[in-house]
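Reading the structure
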Amino acid sequence: TTMFTEIFKNGVVTDQFEHAIRNNRYKLIERATGIRSKVPPVAHPYTGILPVREFFDLQTDPRELNNLFGKTLTTEQQSNLDSLNATMADLVGVD
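Read on for an overview of the structure. (Residues numbered from 1 in each chain as written. Predicted model: local features only at pLDDT ≥ 70, side-chain atom pairs only at ≥ 80, totals over all residues. Heavy atoms only, no water.)

**Thoughts on the side chain of Lys 27**
- Among the secondary structure elements, Lys 27 is positioned in strand β3 (residues 26-31).
- Of note is the side chain of Lys 27, whose polar atom sits 3.0 Å from the side chain of Glu 64. (Helix = DSSP H or I, 4+ residues; strand = E, 2+ residues; numbered from the N terminus. Polar contact = N/O pair within 3.5 Å; in protein donor to acceptor, adjacent residues only side chain to side chain.)

**Some remarks on the pattern of salt bridges**
- With the rule as written, the count across this model stands at 4 salt bridges.
- Among the charged side chains, a network of salt bridges with common partners joins Arg 25, Asp 57 and Glu 76. (Salt bridge = Lys/Arg side-chain N within 4 Å of Asp/Glu carboxyl O.)

**What to know about the nonpolar core**
- Counting residues in hydrophobic clusters, the biggest one holds 9 residues: Ile 21, Tyr 26, Leu 28, Phe 55, Leu 68, Leu 73, Leu 81, Leu 84 and Met 88.
- Of all the elements in the fold, those that place two or more residues in this core are β3 and α1 (75-92).
- For this core, the leading source of residues is α1, giving 3 residues. (Core = buried A, V, L, I, M, F, W, Y, C linked by side-chain atoms within 4.5 Å. Buried < 20%, exposed > 50% of the residue type's maximum accessible area, 1.4 Å probe, protein only.)

**Here's the deal with unusual backbone geometry**
- Backbone geometry at Glu 64 places phi at a positive 55°, although glycine is not the residue there.
- Checked against the element boundaries, Glu 64 lands in the loop between β4 (53-57) and α1.

Scope: geometric values only; no functional claims are made or implied.
Spelled out as structure tokens, the structure:
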């Protein structure tokens with residue numbers, strides 16, 4: 001099972017997009033650079049800027065506190081990241 005969501009500002013597609021896709025265990029989030037949030041610990045503690053990409057293992061980290069993106073991944077994690085990346089690219093029309 002794969003789920004996909006998009007977030008728009010005021011119902012309008014802008015350059016301040018956020019996309020998320022997940023399967024039964026993993027979740028991938030992509031957003032425009034510079035989006036701010038007041039929600040710690042997701043946002044940078046000083047700037048409030050959210051990471052552009054996040055990848056979570058929902059089984060071991062259901063609260064999404066440990067962003068795996070940019071870290072050394074297991075073979076299973078990398079396989080799921082690759083699959084979610086490909087599916088998201090198809091859905092948002094990225095070549």
